[in-house]
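# Structural description and commentary
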Amino acid sequence: MHNFFRLDEEGNQQIEQLSERMQRLVLGAVNYNALIQPGRTLTYKIYMGEKWQYPRLTDTSTLNGVLTEQAGLNPIAVFHATSTVEPQSRFSPHYFAGNEQLIDRNIRFILLTPDEATDDDVEQNYPIGKATKLYREVESTAPAFFDALREAKRIRREQISRTAIKPFSPNTTGKINGRSHTHHPWVEIAPGKADLNAPRAVIIAMHWLQSGGAERWALETISLVKEAGFIPIVITDSDGHQPWITRSELKGTVLLPLTMPLQERVGDAPLLRALFEQFNIAGILIHHCQWMYDNAWWVKKFFPQTHIVDSLHIVEYIFHGGYPSESVARDEWIDLHHVISPQLEHWLKDIHHIDPHKVIDAPLVGLTADSAGLTFKTRDTSQPLVVSFVGRNVRQKRPETFILAARAINKAFPGKVKFIMHGNGDMDAFVDRLIERYQLEDVIERRSMSIPVGTTYAETDVLLVSSMNEGITLTTIEALSAGIPVVSANIGSQDTLIPPQGLCRRLSASFVKDAKSILGHILEHEENREKLWRSEAKRLQEFSELESANDYFRNMLTEWSR
């Protein structure tokens, strides 16, 4: 991990007493401050929060201590760190959060969270009102009915995602100063240039550092960036416990796990300015990082030669299409849109009229599984058929629909089918309650993400994908590569790999009915399971003929390195 500061001896000793995850969070926070406060010596006070909180590392609460010192916490470590950054332009000791000037007393209050903390711990602590309680009660009591209500909203949101997307308009100094109510003109700060001998780097801007398909691809791009001879600068912008921060891919990187809002002001992008002054940055890879989307215009204004590429996975049902919508709105500053499915390619090119030359469909085949030399996985038909759910327990994956399917199938074929749910997320407690409500504790086995997913695939006979939205799931590719057929909701581009005989209608009630029928045929006729897999494996091999994302990015980064 590259650092931009000098610690006192006591600081080194105190940081070494923290777990590896906490060390990286703290060092990332110190790096952030060292970059935007060149030469300054700051005092860092480190606190331990509760499982239901998220770390606070770089946001404005770290300057006023409202969540730590003012909340009555005692620091677990106190040290001083001096920035070793040599700036190429002037950095102010004082910044703003919106129109609020931040008071800087030379102290940063950093809040950590226990290593065992999860998203579900945070979710369970959210204050809820009567409406939310009623929402959860109805959702838990009648999940299929509730999904029918959601379906109406999903259809409406899909329609909205096809309407025109307004281009992003950045807050430039000209725009702010042109407003009649602006009393104090903003002054633009132009960045200096990095020394010609400064290290060459690529920014990988991520959502967070925890399990997810987009994150697995983002980590792969870190390795490809290293392979091309660049230093990876990894930035995240979303709250999380960041359990993946200890992964080996992040060694040798500049790691900046950000929490928002940062110290900013119109006309300046302090962190980016500092990074562009310390490194010769060839390009930026965006993986679901809103902060980087919002600052892409600044990069192109001052460093137009910098390549900006984003990777898009699914059209989401919220915010006019989610990150793909953000991508379209900022297309002016993005050089290439990488997509992983025909659905997204169509959405960008045909619906939102993005220049076809700027859209590349390069699938994630081979990222987590080798699709070459596929072999069908046979099973012992004297034992129950094992049907698995693999993925995060979050709304998008619709775990309750998997449970409803398990209940219906178990009722139709008692004792003949076993179910495994492998994964964690902010719906863990909801999943446990639903399994208990339907008395399926002996039918559904819960497995946490701490268990290798390969163990689950080794025991699985069919993967059942119940998601409400996907592009093409990595788990589908993983299962087929492991010789396991996949039955899936007909969503996103899943029909690229799954033939009609393996597809279920999207609505929960219809999905359950279709899944029961398909799995019934498989249960009673083992040859149907193999036929389904062979049809899917053939589609996967045909899909694999496209240039993979891995190969495309390797070639692209090689070009950047010349």
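Structural notes, computed from the coordinates. Quantities reported herein were computed from a predicted structural model and do not represent experimental measurements.

All right, on to the sheet that holds strand β19 (residues 503-504) then. Pairing within the open sheet is parallel, and its six strands lie in the order β16-β15-β14-β17-β18-β19. In this open sheet, the two strands that pair with only one neighbour each are β16 (444-447) and β19. In this sheet, β19 lies alongside strand β18 (residues 486-489) in parallel orientation, the contact comprising two bridges. Residue serine 488 lies in a different strand from β19, and its bridge partner there is leucine 503.

We now examine the pairing of strand β3 (residues 77-83). Counting buried positions over the seven residues of β3 gives five, a clear majority of the element. Where strand β1 (residues 5-7) and β3 come together, three bridges link them in antiparallel fashion. What sits directly across from arginine 6, in β3, is threonine 82. Here strand β2 (residues 41-48) runs beside β3; their pairing, made up of six bridges, is antiparallel. Paired with lysine 45 across the bridge in β3 is valine 78.

At a minimum axis separation of 10 Å, helix α8 (residues 213-227) and helix α19 (residues 549-560) run at an interaxial angle of 35°. α19 is crossed by α8, and the crossing has right-handed handedness. Touching Trp217, Glu220, Thr221, Leu224, Val225 and Glu227 of α8 are Ala549, Asn550, Phe553, Arg554 and Leu557, all from α19. Among the residues forming the contact of α8 with α19, the class breakdown is six nonpolar, two polar and three charged.

Turning our eyes to something else, we now look at the layout of surface pockets. Volume-wise, the second largest pocket comes out at about 480 Å³. Glu264, Arg265, Val266, Asp268 and Asn295 are, among the 22 residues lining the second largest pocket, the residues nearest its centre. Of all elements in the fold, only β4 (96-97) and α10 (290-302) reach the threshold of two or more residues within the lining of the second largest pocket.

Analysis parameters
Residues numbered from 1 in each chain as written. Predicted model: local features only at pLDDT ≥ 70, side-chain atom pairs only at ≥ 80, totals over all residues. Heavy atoms only, no water. Pairing = 2+ DSSP bridges. Helix = DSSP H or I, 4+ residues; strand = E, 2+ residues; numbered from the N terminus. Buried < 20%, exposed > 50% of the residue type's maximum accessible area, 1.4 Å probe, protein only. Axes fitted to C-alpha atoms, helices over the stretch in contact; angles between N-to-C directions. Left-handed = near helix turned anticlockwise from the far one by under 90°. Contact = heavy atoms within 4.5 Å. Nonpolar A, V, L, I, M, F, W, Y, C, P; charged D, E, K, R; others polar. 1 Å grid on protein atoms, 1.4 Å probe; cavity = no way out; pocket = protein on both sides within 12 Å on 5 of 7 lines; lining within 4 Å. Points joined across faces, edges and corners; volume = space filled by probe spheres on them.

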